[in-house]
Amino acid sequence: MNTQIDISKRKQTSKISFMNILANYSVPILFVIICMLGIYASKLNMTYILNEIVIRLSRNLFLVLALIIPVMAGMGLNFAIVIGAMAGQIGLIAIKVLDMGGFTGFLMALLISTPFALLFGYGTGQILNKTKGKEMITGLMLGYFANGLYQLVFLTFMGTIIPVNNPEIILSGGVGLKNALDLKFIQYSLDNLIKLDIAGVKIPVVTILFILVLCFVLRFVIKTKLGQDFRALGQDINIAEVSGINTNKTRLIAITISTVLAAWGQIIFLQNIGTLNTYNSHEQVGMFAIAALLVGGASVTKATIGQAVVGTLLFHTLFIVSPFAGKNLFGDAQIGEYFRSFIAYGVIALSLVLHAWQKYMKEHNKEKLG
Amino acid sequence: MKEFWKRITDKYGYPKVLITIFLIILCIIAVIQQQNLPGLLKDSLVRIGMNGVLVLAMVPSINSGTGLNFGLSIGILCGILAGCISIELKLTGMTALIAAILMSIPFSVIAGYLYGLLLNRVKGDEMTVGTYMGFSIVSLMCIGWLLLPFQSPDMIWAIGGKGLRTTIALADKFGKVLDDFLSFNVLGEPVPTGSLLFFGLMCVIVWLFFKTKTGVAMIAAGDNAKFAAANGINVNQQRVIGTILSMVLGGIGIVIYAQSFGFFQLYTGPLMMPFMAVSAVLIGGASAKKANIANVVSGTTLFFALLAISLPVINKMMPEGNLSEVIRIIVTYGVILYALTKVGGDN
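Definitions and cut-offs
Residues numbered from 1 in each chain as written. Chains lettered and ligands numbered in written order. Predicted model: local features only at pLDDT ≥ 70, side-chain atom pairs only at ≥ 80, totals over all residues. Helix = DSSP H or I, 4+ residues; strand = E, 2+ residues; numbered from the N terminus. Rg over C-alpha atoms; globule rule 2.2 N^0.38 Å. Buried ≥ 20, exposed ≤ 12 C-beta atoms within 10 Å, placed from the backbone. UniProt positions renumbered as here; feature names shortened; annotations may be inferred. Contact = placed C-beta atoms within 7 Å. Nonpolar A, V, L, I, M, F, W, Y, C, P; charged D, E, K, R; others polar. Axes fitted to C-alpha atoms, helices over the stretch in contact; angles between N-to-C directions. Parallel < 35°, antiparallel > 145°, perpendicular 65-115°, else oblique. Core = buried A, V, L, I, M, F, W, Y, C linked by C-beta atoms within 7 Å. Arc of directions from axis to C-beta. pLDDT = per-residue confidence, 0-100. Pairing = 2+ DSSP bridges.

Draft legend 1. Quick look at the overall build of chain B. When helices and strands are tallied, chain B shows 15 helices and four strands. Its C-alpha atoms give chain B a radius of gyration of 20 Å, within 12% of the compact-globule value 20 Å for 347 residues. Projected onto the principal axes, the alpha-carbon positions of chain B cover approximately 60 × 50 × 35 Å. By the burial criterion, 52% of the 347 residues in chain B qualify as buried.

Draft legend 2. Representation of the overall build of chain A in the model. Scanning chain A from N- to C-terminus turns up 14 helices and four strands. Against the globule reference of 21 Å for 370 residues, chain A gives a C-alpha radius of gyration of 21 Å, in line with a compact fold. Across its three principal axes, chain A shows a C-alpha extent of roughly 70 × 50 × 35 Å. Burial analysis of chain A (370 residues in total) assigns 48% to the buried set.

Draft legend 3. Layout of the UniProt feature "transmembrane region" (unreviewed entry) in chain A. Residue and element names in this part refer to chain A. According to UniProt, the "transmembrane region" (unreviewed entry) feature falls on residues 21–41, 103–122, 142–162, 203–222, 252–273, 285–301, 308–326 and 338–357. In residues 252–273, the share of helix is 100% and the share of strand is 0%. The end C-alpha atoms are 31 Å apart. Between the end C-alpha atoms of residues 338–357 the distance is 28 Å, and the span holds 100% helix and 0% strand.

Draft legend 4. Spotlight on the interface of chain B and chain A. The partner chain A presents 40 residues to the 36 residues of chain B that form the contact. Those elements that provide at least two residues to the side of chain B that touches chain A are helix H6 (93–121), helix H7 (126–147) and helix H15 (323–343) of chain B. In terms of residue count, H7 of chain B provides more of the side of chain B that touches chain A than any other element does, 13 residues in total. When grouped by side-chain class, the residues that make up the side of chain B that touches chain A number 20 nonpolar, eleven polar and five charged.

Draft legend 5. Inspection of the packing of helix H9 (residues 193–209) of chain B against helix H14 (residues 293–317) of chain B at higher detail. Residues and elements named next belong to chain B. Two numbers describe how H9 lies on H14: the axes approach to 10 Å, and their chain directions differ by 155°. Relative to H14, H9 is oriented roughly antiparallel. In this structure, H9 uses Cys203, Val206 and Trp207 to contact H14, whose residues at the interface are Ile293, Val296 and Val297. In the contact of H9 with H14, the residues fall into six nonpolar, no polar and no charged.

Draft legend 6. Seen up close, the environment of Thr301 of chain B. Position of Thr301 of chain B relative to the elements: it lies in helix H14. Separated by 21 residues in sequence, Thr301 of chain B and Ala280 of chain B have C-alpha atoms that sit 8.5 Å apart.

Draft legend 7. Expanded view of the environment of Arg165 of chain B. All names here are of chain B. Tracing the chain through its elements places Arg165 in the loop between H7 and strand E1 (167–169). You can call Arg165 partly exposed: it has 16 C-beta atoms within 10 Å. Ignoring any residue separated from it by four or fewer positions in sequence, one finds Arg165 in contact with Met155, Ile156 and Trp157.

Draft legend 8. Highlighting the nonpolar core. Counting residues in hydrophobic clusters, the biggest one holds 224 residues, and the most contacted among them are Leu67 and Ile81 of chain A. With residues up to four places along the chain from it excluded, the contact list for Ile81 of chain A reads Leu63, Ala66, Leu67, Ser258, Thr259, Ala262, Val285, Gly286 and Ala289 of chain A.

Draft legend 9. Just helix H10 (residues 213–223) of chain B, in detail. Residue and element names in this part refer to chain B. Those residues of H10 lying buried are Gly215, Ala217, Met218, Ala221 and Gly222. For H10, the buried positions fall inside an angular range of 160° around the axis, keeping them on one side. As for H10, its buried residues are in contact with helix H4 (58–63), H9, helix H11 (225–230) and helix H12 (235–261).

Draft legend 10. Broad picture of the packing of helix H5 (residues 81–98) of chain A against helix H7 (residues 135–157) of chain A. Residues and elements named next belong to chain A. Between H5 and H7, the shortest axis-to-axis distance is 8 Å and the interhelical angle comes to 25°. Put simply, H5 runs roughly parallel to H7. Residues Val82, Ile83 and Met86 of H5 pack against Leu142, Gly143, Ala146, Asn147 and Tyr150 of H7. Residue classes in the contact of H5 with H7 are distributed as six nonpolar, two polar and no charged.

Draft legend 11. Just the confidence of the model for chain A, in detail. Residues and elements named next belong to chain A. Overall, the prediction assigns chain A a mean pLDDT of 85, with 93% of residues at 70 or greater. For chain A, per-element mean pLDDT is lowest for helix H1 (residues 2–15), which scores 48, and highest for helix H6 (residues 102–130), which scores 93. Contacts from residues 1–11, a stretch scored under 50 in pLDDT, to residues over four places away or in other chains number five contacts.

Draft legend 12. Focus on the pairing of strand E2 (residues 195–198) of chain A. Residue and element names in this part refer to chain A. Pairing analysis gives four bridges linking E2 to strand E3 (residues 201–204), with the strands arranged antiparallel. Considered in E3, the bridge of Asp197 is made with Lys202. Hairpin connection between E2 and E3: a loop of two residues separates the two successive antiparallel strands, and Ala199 in this loop has a positive phi of roughly 50°.

Draft legend 13. Highlighting unusual backbone geometry. Residue and element names in this part refer to chain B. For Gln34, which is not glycine, the phi torsion reads 55° and is therefore positive. One can find Gln34 in the loop between helix H2 (14–32) and helix H3 (37–56). Judged by the 8 C-beta atoms lying within 10 Å of it, Gln34 falls in the exposed class.

Draft legend 14. Summary view of the environment of Met272 of chain B. Tracing the chain through its elements places Met272 of chain B in the loop between strand E4 (263–265) and helix H13 (273–283). Expressed as a C-alpha distance, the spacing of Met272 of chain B and Asn295 of chain B, which sit 23 residues apart in the sequence, is 21 Å.

Written as structure tokens, this is what we have:
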């Protein structure tokens, strides 16, 4: 069975090898060039840029890595990771209520968020199993919908159903969380555990260790039976079904893993940022993580750890330099900011178009042959 | 009772029934709270006239087979651009409104044609692609609004003298001209007659269009592409026409919206607008494959009456936070999500 899949895969790759090369390397190369130009135009000094890159890599990479498994399992880009991010924020709100700071607080947030993330991931998976082939648009809409529910819970349940009497976090009416929660009590609790200073670049060793561990775990999972099932599903869900894989269950596991990782990723992200915008910190998580992954050369059907790292590096370099570049080139920092959000949306749109186009052509050709 | 429930949900679909019940509950609460009922009615009518054409824009795209037009923001941008040009030409009043509508059409036709060609190459994934094409064009136009060579001091930033403002006031341009057209008072509240009449007129035009030969061919192409192709209908062409029509209605729709709202919202303003229109038409009982004028009228009425009434009612119940906005989010995306799960997967 496996050899058969391999053969069919090889046929496909030889057929669209030019497309593959284009999809694999042209995007990162293009972005390397854009970033170089941006760095040049921004006139920033290298130490500043490197410091920013290290900070942004350490705080964003975990979220980007959370996307890999659903892509592998053929479920496309998981726009629903915002739901995982919400679970992470529930963990953070909980430790804020319990008033647990420092590294213990950080671990506690991870611990509390996990059951929520498992539950949310399971629910997301159930819905995505009902909408096979439309996972991405469903995931996106589910994210928006869940955002509404999340806001409803924290606006009306806090102070009523969930008794909290902390005026620092509750609105003055006694009901509902405030718009912004101060997370100073756990800020840098992970980043500053061990901090190396190499030629003026400060490196948050433990955060990076966390990410490395995740990379190894992901690599390990990919090699197990479960990982093989994911890949089989990604290649052809019908063949996977015939060869005895419980597709629905495997898809559920894939999306649940992604959701849990997103929850942890969001906690790592916010412990660096230091403020929780209760009602919109999570909104753009999906878009930025997905755009970063795609900039690294990933596609709707293929994503690797390497692409995640390269993509995050390039995408966030662009984020750092584009306002400054916009200011120097056009006299307006706003243009740079709009440019980077155009890049984020544009790279996702382009990748979706390419994927849909290839899929359509494949079906079209099949129809012609049949 | 159980049978009755099943019968009405089968006939009208869950979204319509649930939204109707929710609306009735809100009305009862409004009465208990002693809200200004004629005022609420007026707000509802204003919102219906304001958004109707945008919702109507979903009909051609659904019926031509390209599904819910999540990329409607592209048409909306065309309308805003035309509106800005009409202000730049120093037009005011009804002339400005008509000029804006007429000028939006060529933009929308070109944009719709190109977008239609794209959609023909991504069959089956129109919704995902459409959403992100819409997002990226909106963010591209953000740069456009900063760089376009508009000169009118009413539109550009007072300081710096470059780039359009985020909101452009229409009060002394063509704000409310249609709302006030033939307006009369009912229970002391003005009725936005002109906007409602215009919405009705557009509905009739679209309805008539679907009676023409092209319209019938479009419905056939959207209903069953293979069958239509076997009967000599150029399916791809019909899809392009449907997309163009949808974009044109989107462009006209935003001009009507802005005249009633009193402002053009530039930059990220149009980003999430298509979702409201999508949700409204789905509440009206449309599906991703079929929509008619009745769906548009009932969906617009229910959805926007709900929004208009929930705002004061819920704010009175809970003055802090933004609960009515939360309700809007839940209803909008809940309805879309329900429609997606109902369409089901590929297998």
